[in-house]
Amino acid sequence: MSAAGDPAPPAAPAPAVLRAERVTKEFGGLVAVEDVSVDLPEHSIVSLIGPNGAGKTTLFNMLTGLYRPTQGRIVLGDRDITRSRPDVITGYGVARTFQNIRLFGAMTAVENVMIGHHSRMRAGLFGSIFRPSWVRREERETQERARDLLAYVGLPSTVFDRLAAQLSYGDQRRVELARALAAEPSVLLLDEPTAGMNPRESAALTAFMRKLRDEKKLTILLIEHDMKVVMGVSERVTVLDHGKKIAEGEPTEVRTDPQVIEAYLGKQA
Amino acid sequence: MSGFLGRLRERRAAAVARLPRWWNRALAGTLIAFGIVLPFFFPADSGFMNGTIIAVAYAVMSLGLNIVVGFAGLLDLGYVAFYALGAYSLGWFGSGFFFKLHVHVLVSPVASTLQGVHLNFVLILIGAAAICAAAGMLIGLPTLRLRGDYIAIVTLAFGEIIGVVAVNGQSVPVGGGMTLTAGNLGISAVDAPYFPGIGSFSLLNLRPWYWLILAILLLVLFVNLRLRDSRLGRAWVALREDEVAAVSMGIPLVKTKLLAYSVGAAFGGMAGAFFGTYYTEVNAGQFAFGFSIFILAMVIIGGLGSIWGALVGGLTLGYINNYLIPDVLNDLPSKFGLHFQLTQVEFGIFGFLLVIMMLLRPQGLIPERRRRLELTAQIAAEDAQLAEAPAGEVTVILPPGEGAA
């Protein structure tokens, strides 16, 4: 549980729930992520920033089991999940969204969210065929929960049973968030949730993330380009550039770090 | 135009919603009752009964393949392998083929005096389903990391391997001078189904055969319907739609795909066992590659992923193949002074029908709700999205203060 052996950041208030320990990912000769460590203290919001191609999404994919790190370890609570399958990791309580929304287009919004709850359901082949009363109850409760979650993220109830592919972009983002929440995660990974939003929408989402953390008892890791969102919402910021971690700390520290300004913020100024 | 169609669709949905709750059940009950009394309207040994029995058995296979191809989206071109394994299950456990053995379980008094393995047909049916389910997993394993066309190639090869093993099995000893299969000679004198109190089935009275395969069809249909609207059915569709998103949402890829393969294979095996006893022999020549395509054509013509489509597709092609062409229209060319019979050009007829179908109704006879919308509405939605793509034009997400449950 503790950050023993790690060059622990001095200001970490709570034990890390999810931790990447010196992970490296190589694709052939290309090193996408090199020797990066990230700590997610419990009940915090941490942002991962960096220019395009810095390895943020690759790190996400390692944390959720889609990629196996070439080197290093990923620890969830006191469990080593470096070699675990993505569906198993979801079962342990890590859920995510995708940069390019990946909904199941031919399923309705409700069905999409029900899929998110898959790892919490028990009905197997014979349960599905014979449908005993506990399976019927499970199915009904999952559907009710899905509708509640869709309402929670603000989807208009008129489109609950519409196919995901028919929803507007903003509604698709909402459904994707509800789908991740349906997995009842303790850690939520959001990959550029404000992509394509105007400042007002981004501000609303920022507030909503805080609300999520407090109401759903979540720990959130965020990939974000919008500096206003990053500075406004996160307790800690990790900066990646060319696969390497170049800075880490509180938003105010990171903002003034000369290396960060040069690699990332400086480009925008 | 699309507004008008949309209104029509809404009207229809509203009309369906106004039907009483028991409507579906009543409709199903009526259809089943009709299915049960159907043979009383036809002579018990007529060509129509024969065609019906085969068509119903085809529908069982079509429903099985629909789980693999339609639900889970795994293109399986070797489905004939499960027909073969099911038929051989019957040949092995319901005939005198293993002549050194003497095993008899719940069979007719005549069969219980014979050498060989003779099990009751119901036991063979369960055994065939189990063997094929295991074989389905076996073929599923090497395809797990593959997609689309590559799955098709591996399953095609599997179908061919089983076919070659069936042909050459007569030189594969299994001990005591017995062989694995009888190759192109065929395992003949297989047991007819026997039920205590009813007796053995006879080919002079086809009605019991019909009721038997109808019972199997209803069972398969029931399982299909239950699986479609279940946790497992949803997981299959999710994997078909987007594998990466599905596993990230907690769906175990290997287990879910293998279940699709094995459930689909089990149904193929049951139909295969039935064909084994109905055709009274198990011959390696029956298991040609073309049959896999034939079953796939049923699924596609019916409407990929649609249960009622697979049923109708199986029945339609079954009737055309086994009743319409050989019994009804066979002499048609001679009436026009042409010197050939229609059975000689049946593949040409099927090819023609497929082309016509793909041109006029590519979504199938009874398209699945999802696919129907995919083909029409989704395209419209994507067009609409393209128009609103620029950032900032997107509808407001999570406005402040909103979102509380």
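Conventions we followed
Residues numbered from 1 in each chain as written. Chains lettered and ligands numbered in written order. Predicted model: local features only at pLDDT ≥ 70, side-chain atom pairs only at ≥ 80, totals over all residues. Helix = DSSP H or I, 4+ residues; strand = E, 2+ residues; numbered from the N terminus. Rg over C-alpha atoms; globule rule 2.2 N^0.38 Å. Buried ≥ 20, exposed ≤ 12 C-beta atoms within 10 Å, placed from the backbone. Contact = placed C-beta atoms within 7 Å. Pairing = 2+ DSSP bridges. Axes fitted to C-alpha atoms, helices over the stretch in contact; angles between N-to-C directions. Parallel < 35°, antiparallel > 145°, perpendicular 65-115°, else oblique. Left-handed = near helix turned anticlockwise from the far one by under 90°. Nonpolar A, V, L, I, M, F, W, Y, C, P; charged D, E, K, R; others polar. Core = buried A, V, L, I, M, F, W, Y, C linked by C-beta atoms within 7 Å. Domains from an automatic or database assignment.

Visitor: Residues and numbers for the overall build of chain B, please.
Guide: Along the backbone of chain B there are 16 helices and nine strands. A compact globule built from 405 residues should have a C-alpha radius of gyration of about 22 Å, and chain B, at 24 Å, falls within 12% of that. For chain B, the spread of C-alpha atoms along the principal axes amounts to about 85 × 50 × 45 Å. A buried classification covers 45% of the 405 residues belonging to chain B. Residue pairs at least 24 apart in sequence account for 74% of intrachain contacts in chain B once pairs closer than 6 positions are excluded.

Visitor: I'd like to hear about unusual backbone geometry, residue by residue, with values.
Guide: All names here are of chain A. In the Ramachandran plot, arginine 22 falls in the positive-phi region, its phi being about 45° despite a non-glycine side chain. As for its placement among the helices and strands, arginine 22 is situated in strand S1 (residues 16–27). Residue arginine 22 is classed as partly exposed on the basis of its 15 C-beta neighbours within 10 Å. The backbone phi angle of glutamate 192 is positive, close to 50°, even though this residue is not glycine. Relative to the helices and strands, glutamate 192 is located in the loop between strand S7 (187–191) and helix H7 (199–215). When the 18 C-beta atoms within 10 Å are taken as the criterion, glutamate 192 is described as partly exposed.

Visitor: Help me get a handle on the sheet that holds S1 of chain A, residues and values and all.
Guide: Residue and element names in this part refer to chain A. One open sheet accounts for four strands, arranged S2-S1-S4-S5; its pairing is antiparallel. Looking at the sheet topology across the chains shown, the edges are occupied by strand S2 (30–41) and strand S5 (79–80). On the sheet, helix H1 (residues 56–63) packs against S1, S2 and strand S4 (71–76) and is oriented at approximately 115° with respect to S1.

Visitor: Mind laying out the packing of helix H3 (residues 109–116) of chain A against helix H5 (residues 133–152) of chain A, listing which residues take part and the relevant values?
Guide: All names here are of chain A. Two elements in contact, H3 and H5, have axes whose closest approach is 9 Å; the angle formed by their N-to-C orientations is 110°. The pairing of H3 with H5 is recorded here as roughly perpendicular in orientation. In the crossing of H3 with H5, the sense of the turn from one axis to the other is right-handed. Here Ala109, Val110, Val113 and Met114 of H3 lie close against H5, whose contacting residues are Thr142, Gln143, Ala146, Arg147, Leu149 and Leu150. Its residues placed into classes, the contact of H3 with H5 shows seven nonpolar, two polar and one charged.

Visitor: So what's going on with the nonpolar core? Which residues, and what values?
Guide: Grouped together as the largest cluster of nonpolar side chains are 188 residues, with contacts concentrated most on Ala57, Val60, Ile213 and Met270 of chain B. It is helix H3 (residues 47–71) of chain B that provides the largest number of residues to this core, a total of 16 residues. Both domains that meet at this core, namely domain 1 (1–93 + 185–269) and domain 2 (107–182) of chain A, each give it at least three residues. Excluding anything up to four places from it in sequence, isoleucine 213 of chain B contacts Ile53, Val56, Ala57 and Phe274 of chain B.

Visitor: With reference to specific residues and values, describe the domain arrangement of chain A.
Guide: All names here are of chain A. Under the domain assignment used here, chain A contains domain 1 (1–93 + 185–269) and domain 2 (107–182). Domain 1 and domain 2 are separated by 27 Å when their C-alpha centres are compared. At the interface, eight residues of domain 1 touch five residues of domain 2. The greatest single-element share of the side of domain 1 that touches domain 2, amounting to three residues, is contributed by helix H2 (residues 86–92).

Visitor: Describe in detail the pairing of S4 of chain A, supporting the description with residues and values.
Guide: All names here are of chain A. Sheet topology places S1 next to S4; five bridges connect them, and they run antiparallel. Within the sheet, the bridge partner assigned to leucine 18 lies in S4 and is leucine 76. Following S4, the chain reverses through two residues before pairing antiparallel with S5; glycine 77 in that reversal takes a positive phi of roughly 60°.

Visitor: Describe the environment of phenylalanine 71 of chain B, naming the residues involved and giving the relevant values.
Guide: All names here are of chain B. As for its placement among the helices and strands, phenylalanine 71 is situated in helix H3. C-beta crowding within 10 Å serves as the criterion here: with 26 such atoms nearby, phenylalanine 71 is assigned to the buried category. Measuring from C-alpha to C-alpha, the distance between phenylalanine 71 and valine 122 comes to 28 Å, with 51 residues separating the pair along the chain. In this view, phenylalanine 71 contacts Asn66, Gly233, Trp236, Val237, Ala260 and Gly305; residues no more than four positions away in its chain are not counted.

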